[in-house]
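Tertiary structure, described
What follows is the residue order along each chain.
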Amino acid sequence: MRARIILEIIDDNGELIAMNQVADLNKKTKGAEDLGLSLLEGKALLAKLQQHMVETQVDLWLRDKGILDGCHLRRKGSYPITFHTLFGDVRLKSPRFYLPVTRGTNMPTTISPLRQLIPNSIAPERLFLETRWASLVPYAAAADLMADVLPISSGNSAMTVRHHVLRVAERLEEELTEDRSSFMQDRCARDWENLPSPEGRVVVGFDGGYVRDWCDRKRNFEIIVGRSMPEDRDPRYLGFVHGHDRKPQRRVLDHLKKQGVQPNQDITFITDGGDEVRSLAQTISPCSEHVLDWFHITMRITVLNQFAQGLQNHNNQEGTEMLDNLERIKWYLWHGNTYRAGDEIDGLFFDAECLDTAYPNMRKFTTAIGEFRAYITGNKSSLINYGERYRAGERISSAFVEATVNTVISKRFAKKQQMQWTRRGAHLLLQARTKTLDGSLRSTFEGWYPGMANHTDQNRRRKVAA
């Protein structure tokens with residue numbers, strides 16, 4: 001069997017513009033592997049089809065601009081350019097023209113109009129897929145995947161994919177809003193009065209994770225990730241490298257504004273109480289509150305309980321009293337009685353310092369109590385009535401952020417791969433990865449390239465019609 005595929009290109013008036021043979025296949029059916037197009041045949045067919053279509057579209061565009069016919073500029077020949085698309089690398093001839101000589105200017109003497117149509121030499125959809133896949137799997141794996149399934153000859157370089165992804169991330173960085181750290185900074189009270197009533201509460205959690213430093217391979221650096229969860233909208237991810245981003249509050253503010261959060265909306269920040277993540281919640285909004293994560297409180301109390309149980313084996317009475325004290329401390333903290341909890345922690349610390357026992361870990365026990373005392377004192381303003389809020393069905397734990405750390409950091413930056421990162425490379429990849437994970441990367445590209453939104457709408461209409 002022979003199959004000949006002919007491409008006919010017709011203009012808006014119904015007239016035939018071009019006719020090209022893009023494939024002439026001779027198929028023999030001996031097994032299931034012979035049915036239909038093979039991967040190699042499909043890739044070759046797409047590459048030829050793309051070459052003819054792009055060449056014709058570029059030619060029509062140049063004629064519509066009056067560049068090829070009746071152009072008042074003197075031509076200087078042409079030079080080759082390569083347009084990297086999803087379905088092959090299209091090689092084109094870009095015409096070049098002399099510009100009129102103007103005195104007192106340093107403008108270039110020639111112009112290439114095709115650069116206006118193709119400024120970056122890469123199709124937006126290919127850039128989108130490279131960014132999406134490379135934010136989920138290593139750069140080399142993303143490059144190999146595209147080369148396996150698409151007719152791409154020059155896209156199987158991990159460095160090329162990395163360069164494209166970081167370029168997208170840099171564009172995302174350039175779109176950050178003005179340098180502000182609060183919703184109400186440089187605004188008057190009248191602006192507040194004109195705000196509409198907000199809908200629902202927004203819960204934002206922050207936590208940190210560590211990745212290996214490429215510059216100093218004996219050390220790690222910290223990545224801060226967060227997740228914002230409005231009641232009436234989809235959740236969104238946020239990430240940045242601590243220390244690399246000098247103004248992280250600006251990033252948090254920009255993130256919340258793009259998610260539709262209003263200045264007068266209730267925002268609850270839940271963190272583990274660390275200085276880095278706690279500072280992010282300060283002054284963002286006058287309607288915001290910072291809550292110390294209950295999970296991290298109980299983890300520290302659990303460690304103290306283990307020390308007290310060890311003490312109980314050496315001195316039953318003292319160990320039992322300390323276990324009872326820890327139970328009371330936990331009860332007071334759960335019910336938001338910070339004053340009584342502070343007194344109990346102080347008493348526990350002084351008792352541990354004065355205790356004369358043969359328990360070998362007593363010094364570690366005392367140190368742990370002192371650290372817990374400093375932890376609660378430093379986060380005293382973030383302690384709430386956890387029991388009351390829990391019974392009301394509201395969040396008191398940042399467990400959802402723990403899962404976010406694993407999703408955003410471990411699966412791409414650290415787990416099993418043991419990769420090393422520069423601070424800049426990790427920070428920029430985080431911007432692309434968070435948008436991929438929460439599903440906002442496509443809408444971002446549609447904002448940059450409106451034609452991609454038209455393609456998406458056409459696909460949606462086909463699905464509805466089916």
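Everything below is about the structure printed above this text.
These lines cover the structure that appears in this document, whether it is placed above or below. All figures in this text were calculated on a predicted structure; none of them were measured in a lab. (Residues numbered from 1 in each chain as written. Predicted model: local features only at pLDDT ≥ 70, side-chain atom pairs only at ≥ 80, totals over all residues. Heavy atoms only, no water.)

**So, a negative patch on the surface**
Residues Glu321, Asp324, Glu327 and Asp351 make up a contiguous surface patch of negative charge. Top contributing element to the negative patch by residue count: helix H10 (residues 316-334), with 3 residues. Looking at the secondary structure, you find Asp324 in helix H10. Asp324 gets classed as partly exposed once you look at its relative accessible area, which sits at 40%. (Patch = residues over 30% accessible without salt bridge, like charges linked within 9 Å, V, L, I, M, F, W, Y side chains within 5 Å. Areas by Shrake-Rupley, 256 points an atom, 1.4 Å probe, with all protein chains shown as cover. Salt bridge = Lys/Arg side-chain N within 4 Å of Asp/Glu carboxyl O. Lys, Arg positive; Asp, Glu negative; His and termini not counted. Charge placed at Lys NZ, Arg CZ, Asp CG, Glu CD. Helix = DSSP H or I, 4+ residues; strand = E, 2+ residues; numbered from the N terminus. Buried < 20%, exposed > 50% of the residue type's maximum accessible area, 1.4 Å probe, protein only.)

**Details of the layout of surface pockets**
Put simply, the largest pocket is a space of about 980 Å³. What lines the largest pocket is a set of 33 residues, and nearest its centre among them are Met53, Val54, Gln57, Phe83 and Leu117. Ranked by residue count, the leading element in the lining of the largest pocket is helix H1 (residues 39-64), at 10 residues. Looking at the lining of the largest pocket, its residues break down into 22 nonpolar, 7 polar and 4 charged. Of the voids in this model, the second largest pocket is the one considered here, and its volume is about 430 Å³. Among the secondary structure elements, those contributing two or more residues to the lining of the second largest pocket are helix H5 (158-174), strand E8 (236-241), helix H7 (248-258) and helix H15 (423-437). At 4 residues, the largest contribution of residues to the lining of the second largest pocket is made by H7. Residues that form the lining of the second largest pocket fall into these classes: 4 nonpolar, 6 polar and 10 charged. (1 Å grid on protein atoms, 1.4 Å probe; cavity = no way out; pocket = protein on both sides within 12 Å on 5 of 7 lines; lining within 4 Å. Points joined across faces, edges and corners; volume = space filled by probe spheres on them. Nonpolar A, V, L, I, M, F, W, Y, C, P; charged D, E, K, R; others polar.)

**Here we look at the pairing of strand E9 (residues 267-271)**
The buried fraction of E9 is high, at 5 of 5 residues. Burial of E9 is two-sided: the residues Ile267, Phe269 and Thr271 facing one way and the residues Thr268 and Ile270 facing the other way are all buried. Bridge analysis of strand E6 (residues 202-213) against E9 gives 4 bridges, and the strand direction is parallel. Looking at E9, one finds that Gly205 is bridged to Ile270. (Pairing = 2+ DSSP bridges.)

**Here we look at helix H4 (residues 139-149)**
Along H4, the residues classified as buried are Tyr139, Ala142, Ala143, Met146 and Ala147. For H4, the buried positions fall inside an angular range of 130° around the axis, keeping them on one side. (Arc of directions from axis to C-beta.)

**A look at the nonpolar core**
Formed by 38 residues in total, the largest nonpolar core has its most connected members in Ile297, Met322, Leu333, Met362, Phe365, Phe372 and Tyr386. Of all the secondary structure elements, the ones that give two or more residues to this core are strand E10 (288-292), helix H9 (294-314), H10, helix H11 (338-354), helix H12 (362-378) and helix H14 (399-414). In this view, Ile297 contacts Leu292, Leu333, Phe372, Tyr375, Leu383 and Tyr386; residues no more than four positions away in its chain are not counted. (Core = buried A, V, L, I, M, F, W, Y, C linked by side-chain atoms within 4.5 Å. Contact = heavy atoms within 4.5 Å.)

**Describing unusual backbone geometry**
Even without being a glycine, Ser121 presents a positive backbone phi close to 65°. Among the secondary structure elements, Ser121 is positioned in the loop between helix H2 (114-117) and helix H3 (124-134).

**Here's the deal with the environment of Arg250**
Here Arg250 is to be found in helix H7. Given a relative accessible area of 22%, Arg250 falls into the partly exposed group. A C-alpha to C-alpha distance of 31 Å links Arg250 and Phe372, two positions 122 residues apart in sequence.

**What to know about the pattern of salt bridges**
Side-chain pairs of opposite charge can arise whenever the charged atoms involved come near each other. For the structure shown, the criterion picks out 19 salt bridges. In this structure, Arg442 engages Glu125 in a salt bridge whose closest nitrogen and oxygen atoms are separated by 4.0 Å. Taken as a pair, Arg442 in helix H16 (residues 441-448) and Glu125 in helix H3 lie far apart in primary sequence, 317 residues in all. Exposure remark for Glu125: the relative accessible area of 30% places this residue in the partly exposed category. It is possible to trace a salt-bridge network through shared partners that takes in Arg201, Glu289, Arg389 and Glu394.

**Re the packing of aromatic side chains**
Evaluated as defined, the whole model comprises 11 aromatic pairs. Ring geometry for Phe206 versus Phe269: centroids 6.1 Å apart, planes at 10°, classification stacked. With Phe206 in strand E6 and Phe269 in strand E9, this pair connects stretches of sequence that are 63 residues apart. Here Phe206 and Phe269 have matching classes, each one buried. When the ring of Trp294 is compared with that of Tyr386, the centres are 5.0 Å apart and the planes differ by 45°; the resulting orientation is tilted. With Trp294 in helix H9 and Tyr386 in helix H13 (residues 386-391), this residue pair connects regions lying 92 residues apart in the sequence. Residues Trp294 and Tyr386 agree in their burial class; the two are buried. Put simply, the rings of Phe128, Phe445, Trp448 and Tyr449 pair up and form one aromatic cluster. (Phe/Tyr/Trp six-rings, centres within 6.5 Å; stacked < 30°, edge-to-face > 60°.)

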